[in-house]
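Structural overview for review
Okay, here's what each chain looks like letter by letter:
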Amino acid sequence: MDSELRKNIRLRWFESLFELSHYNFQKKVWLEAGVESYVSDYTETVCKYFDDLDLRNGLEKFVSEGFISNQEANIFFEFHNQLEEYVDQTEKKGLCDTEILEDIEWMNLTIYAKENWIKLKQVLNDKAEIDYVNMLENKFANVT
């Protein structure tokens, strides 16, 4: 696999996970457009994760393609499944960003993602990746 492609995909995955795991960041971005040079909403966040990263086919495929390790997949496996179930619920499809952020099921999912984000940070060993996740947290610290 092309190492530059792998690096870029992983950084996009980290960014996507960051957004999914930081509720205050979601609120600031989705409702207030309050983060300079960062535009997103619930639909965009879900599309970035499932469509742009091609994760509709599951984390196993992401592992087999060499983008993440088994250890990283294991950290997010249950969250991934719960996120997919949430997104696929008919009653959730018509909700606006405000309603999503007020949904206790979404709040709990975000809390779970944050727990996994912390675990992921503990298993990263590539300095550039560690620096990147730290940069995400530092850059957006005032909103998360």
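These notes cover the structure that comes with them. The structure displayed is predicted, hence computed values, not measured ones. (Residues numbered from 1 in each chain as written. Predicted model: local features only at pLDDT ≥ 70, side-chain atom pairs only at ≥ 80, totals over all residues. Heavy atoms only, no water.)

We now examine the side chain of threonine 110. Inspection of the secondary structure puts threonine 110 in helix α8 (residues 104–123). By relative accessible area, threonine 110 is classed as buried at 3%. (Helix = DSSP H or I, 4+ residues; strand = E, 2+ residues; numbered from the N terminus. Buried < 20%, exposed > 50% of the residue type's maximum accessible area, 1.4 Å probe, protein only.)

What follows concerns the packing of helix α1 (residues 3–21) against helix α9 (residues 127–139). Contact geometry of α1 with α9 gives a least axis separation of 10 Å together with a crossing angle of 30 degrees. On the basis of the axis angle, α1 is roughly parallel to α9. When you trace α1 past α9, the crossing you get is right-handed. Residues Arg6, Arg10, Leu11, Phe14, Glu15 and Phe18 of α1 lie in contact with α9, whose contacting residues are Glu129, Tyr132, Val133, Leu136 and Glu137. When the residues that make up the contact of α1 with α9 are grouped by side-chain class, the tally is six nonpolar, no polar and five charged. (Axes fitted to C-alpha atoms, helices over the stretch in contact; angles between N-to-C directions. Parallel < 35°, antiparallel > 145°, perpendicular 65-115°, else oblique. Left-handed = near helix turned anticlockwise from the far one by under 90°. Contact = heavy atoms within 4.5 Å. Nonpolar A, V, L, I, M, F, W, Y, C, P; charged D, E, K, R; others polar.)

Here we take up the pattern of salt bridges. Side chains that carry opposite charge are capable of pairing whenever their charged atoms lie near each other. In the structure shown here, the tally under the stated rule is twelve salt bridges. Taking the shortest distance from any N to any O, the salt bridge between arginine 56 and glutamate 84 comes out at 3.6 Å. One end of the pair, arginine 56, is in the loop between α3 (42–52) and α4 (59–64); the other, glutamate 84, is in helix α5 (residues 70–88), and 28 residues separate them in sequence. Judged by relative accessible area, which is 34%, arginine 56 ranks as partly exposed. The closest approach of N and O atoms between arginine 56 and aspartate 88, which form a salt bridge, is 3.3 Å. Of this pair, arginine 56 sits in the loop between α3 and α4 while aspartate 88 sits in helix α5, placing them 32 residues apart in sequence. Each of Arg10, Glu72 and Glu129 takes part in salt bridges that share partners, so that together they form one network. (Salt bridge = Lys/Arg side-chain N within 4 Å of Asp/Glu carboxyl O.)

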